[in-house]
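# Structural overview
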Amino acid sequence: MRINWVIHGLVRALIACAIAFSAHAGEVTDGVKSRGKLRCGVSNGIPGFSMPDASGRWSGLDADFCRAVAAAVLGDPAKVQFVSLKSSERFPALTAKAVDLVVRNTTWTMRREVLLKLAFPGILYYDGQGFMVPAAAGVKSLDELKGATICVEKGTTHEEQLIDHFAARGAKVEPMVIDSSAAGVASAFFSGKCRAYTSDASQLAALRSQAPGGAQAFVILPELISKEPLGPVVRRDDAEWTSLVRWVLYSLIAAEEGGITRANAKSAVAQARGPAMRRIAEYQARYGKALGAREDWFVQAIQAAGNYGEMFERNVGAESALKLERGPNRLWNRGGLMYAPPL
Amino acid sequence: MSDLQIYLTVGIFAVVILVIAFDLLDLALAALLGVAAMILTGILDEKDFLQVPNIAAGPIALLFGGMVVAHVLETTGFFTWLGTPFLRLTGGSGKRFLLMLVAVVAVVCAVLPNATTVIVLAPLIIRTAQALGVPFAGPMILTAIVSNAAGLLTLVGDPATFVVGSSIGMTFGQYLKQVSLGGVFAVLVIVPLLPVLMPEVWKARQELKPSGPAARLERPGLAALALLVLAFMVVMFMLGEALPVRVLPPSVAIIAATFALLLVYSAKVQPVDEVLRAVDWKTLIFFGAIMCLMQGFTKTGLLQGLALQLYGWFGTNYTLAALAILAGVGVLSSVLANLPVVTASIVMTKGYLVAAQAVPEMALSSEFTDWPVAVIPVFVAMMFGGTLGGNATSIGASANIVSVGISARYGERITFARFLRYGLPVTLAQLAVGALYVVGMRWLAA
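Residues numbered from 1 in each chain as written. Chains lettered and ligands numbered in written order. Predicted model: local features only at pLDDT ≥ 70, side-chain atom pairs only at ≥ 80, totals over all residues. Heavy atoms only, no water.

## Here's the deal with the overall build of chain A
The helix and strand tally for chain A stands at 13 helices and 14 strands. Judged by the C-alpha coordinates and their principal axes, chain A covers about 90 × 50 × 40 Å. In chain A, once contacts between residues fewer than 6 apart in sequence are set aside, the share between residues at least 24 apart is 72%. About 14,900 Å² of surface is accessible on chain A, with carbon and sulfur atoms providing 55% of the total. When the 41 positive and 33 negative side-chain charges of chain A are each reduced to one mean point, those points stand 5 Å apart. (Helix = DSSP H or I, 4+ residues; strand = E, 2+ residues; numbered from the N terminus. Contact = heavy atoms within 4.5 Å. Areas by Shrake-Rupley, 256 points an atom, 1.4 Å probe, with all protein chains shown as cover. Lys, Arg positive; Asp, Glu negative; His and termini not counted. Charge placed at Lys NZ, Arg CZ, Asp CG, Glu CD.)

## Points about helix H4 (residues 78-90) of chain B
All names here are of chain B. Along its 13 residues, H4 runs 19 Å from first to last C-alpha, staying within 8% of the 18 Å computed at 1.5 Å per residue. Of the residues making up H4, those classed as buried are Phe78, Phe79, Gly83, Phe86, Leu87 and Thr90. Looking at the buried residues of H4, the elements they touch are helix H3 (46-75), helix H5 (94-109), helix H6 (114-132) and helix H13 (220-239). Backbone geometry just after H4 places Gly91 at a positive phi near 65°. (Expected span 1.5 Å × (residues − 1). Buried < 20%, exposed > 50% of the residue type's maximum accessible area, 1.4 Å probe, protein only.)

## So, the sheet that holds strand E5 (residues 101-102) of chain A
Residues and elements named next belong to chain A. Pairing within the open sheet is parallel, and its three strands lie in the order E4-E1-E5. The strands lining the two open edges of the sheet, one partner per strand, are strand E4 (80-84) and E5. One ladder, built from two bridges, connects strand E1 (residues 38-42) with E5; its direction is parallel. Bridge assignment links Gly41 to a residue of E5, and that residue is Val102. (Pairing = 2+ DSSP bridges.)

## Quick look at the interface of chain B and chain A
Contacts between chain B and chain A engage 25 residues on the former and 26 residues on the latter. The interface formed by chain B and chain A includes one salt bridge. In this structure, A:Arg112 engages B:Glu361 in a salt bridge whose closest nitrogen and oxygen atoms are separated by 2.5 Å. Counting every contact that joins chain B to chain A gives five residue pairs in polar contact (both at pLDDT 80 or more). Residue composition of the side of chain B that touches chain A, grouped by class: eleven nonpolar, ten polar and four charged. (Salt bridge = Lys/Arg side-chain N within 4 Å of Asp/Glu carboxyl O. Polar contact = N/O pair within 3.5 Å; in protein donor to acceptor, adjacent residues only side chain to side chain. Nonpolar A, V, L, I, M, F, W, Y, C, P; charged D, E, K, R; others polar.)

## Overview of the pattern of salt bridges
Within this structure, the stated rule accounts for 16 salt bridges over all chains. Put simply, A:Asp100 and A:Arg35 hold a salt bridge, and the shortest N to O gap is 3.0 Å. In this pair, A:Asp100 sits in the loop between helix H4 (87-95) and E5 while A:Arg35 sits in helix H2 (residues 27-35), placing the two residues 65 residues apart along the sequence. Taking the shortest distance from any N to any O, the salt bridge between B:Lys282 and B:Asp26 comes out at 2.7 Å. Residue B:Lys282 is found in helix H16 (residues 281-300), and its partner B:Asp26 is found in the loop between helix H1 (3-21) and helix H2 (27-40); the two are separated by 256 residues along the sequence. One continuous salt-bridge network, built from bridges that share partners, spans A:Arg35, A:Arg39 and A:Asp100.

## Points about the nonpolar core
Membership of the largest hydrophobic core comes to 174 residues, with the highest contact counts inside it found for B:Val68, B:Leu142, B:Tyr352, B:Trp371 and B:Phe384. Those residues in contact with B:Val68 that lie beyond four places of it in its chain are B:Ala257, B:Ala260, B:Leu261, B:Val275 and B:Val279. Counting residues in each nonpolar core, the second largest holds 79 residues, with A:Ala72, A:Phe189, A:Phe190 and A:Tyr250 among its members. (Core = buried A, V, L, I, M, F, W, Y, C linked by side-chain atoms within 4.5 Å.)

## Re unusual backbone geometry
Residue and element names in this part refer to chain B. Positive phi, normally seen in glycine, also occurs at Lys268, with a value near 55°. Along the chain, the position of Lys268 falls in the loop between helix H14 (249-267) and helix H15 (272-278). The residue Gln357 is not glycine, and still its phi comes out positive at about 60°. On the secondary structure map, Gln357 appears in the loop between helix H19 (338-355) and helix H20 (376-389).

This is the structure:
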């Protein structure tokens, strides 16, 4: 009798144990939830995108996106562990599962997606490869840089594109490939080791804002030589996590389109005026769990980072030191490329 | 996988290894309990059980095929017949027996997989040891150790060398030029250790009786056909992958086992049931369970996660990094199956080299083959670690597991500690030789 009771108890304990540990959502989502923290790979310091201040608080478009994801999953934008990565470290960190997500000025390319088995859930910033030169040099166009020494960061797509661009025009340049952070390359450029510095135009603007002698001492040429769709990156082996990150990004864009802001997100969704708002209110609650997020994930994400327009203006736009034009990053119905599929 | 599950995985693995090491439970039961614990804690799910056969089915098929063919050969009296001249060649000297064993195993390993070599040669070795009046556990352990080391002689000699070589696009010829000599050293370094490790065998002298009439094959026709099956297996191991319809070694083993079963069935020597009962299922189940545990361990990503740490520790000092990888993979391979260890280490090493900017980011892809000469020794270090580290313990390599299983069936139990007494010194010597070889390669590449 006693033995039966013991066996019965043991079986119940084992079943309870199995239920407690059984996997439901994606592996990465499970890890984030059990850890209580999102491990987000960011740059090692690019103003406007991901940059720590003196107290160690990260700011920027990329950093805010990390917060939006953390809020959608964990209900708290502060639950992000920012992992500072050199550009050459971002993919090893992701494939080694040292981070859950990389939001680090990373260009979406087919090669990366297919060969490195990565997934790009969407585009956070439409950029292009530009060139920065000293204002005093009087350079007005790329043609004037033929034969010039140009600083470029190792491990980026820019190195190859730089050579290809000039080769296609029967010209040569001398790339000075620097194995360092973006700030390290900028430092080499600012100290006069090369005539120009090539990188994402947004990154050039960010680094120019910190230039010795002031931003006005340097000029970013108007020509762009490539398309650089920058966005978050995840591993391809967890489709649920990819979906979650994708829909957090789309929620930020959809919120701007629907006039939902950081300030009114909670009340706007609660009041649910109009069919679009009603759909958001209904779907966030109904599909949040299936997404692996909270039932109020939409509101949480917007409250954490603001809608896409707010994020842009605060970090890189008119309200920031960079004062970048929105250009292709405007909403689709305002002449830009930012477009969120319906929820 | 959550942090708690990562801790649990490491804990379960550690408990299973300790239980086996201290001989507290039967090893197959210990491994199965570990698997059960991983299932109940959600570490292993149905997806994992679909993935495990990708790694485990091949080696298990090889073991199964080898066991069936060896058993069928035994029923013909082949090993008794072969044992007499082999014993004569030893001249009754234990020293000569051990030296012959090293040479024969190294040569046979060139054409047969490690564990299959142990299975096929075991009856011969055990009979000879018994005839010389020495315990056969030592020679059986030596057979496993030499077969593992001989796996370094060619690119296809060991699954670990093959996986690492393939991951960097190394060809058979390149391997022969760059790595095979290291394999020769790894085998030769065993020889001076033999008098110290197995003095009772080394010093043994047995007066052999004057040769009487040679032992006769009980069923010469069947023996000839069984040998034909063995020859088919050997030839197909070498050529099967080049055929228009690719036949990989595990498939060859299954086909050979089927032919062998057909032989005993047709000749009515034994019922098929009896041949299948003679298969060492416990070893196969233990091996499968260990592979399941490895799947759980691989999922933790602990090894892959060291990529950035390696860069932090060693920067661009590839010699130090190579030596650390050799030692680390060696230690891990001594208690874990080497194939999953090297598979995870490849991700770690590629990540390290990309982070160190020795290679472009595309090197993380399996398509990348343009590896600079300077970093090849890092991968060679991994081959040495993975192949030789497994020699230390009874569970470090499939050949070891098989030699322990066969010895038990013939009446000599090899505990974890007993294997370790022979395996650890040999492994340390071999890894030291491997380290010197890797340093030499780095020096030549500089």
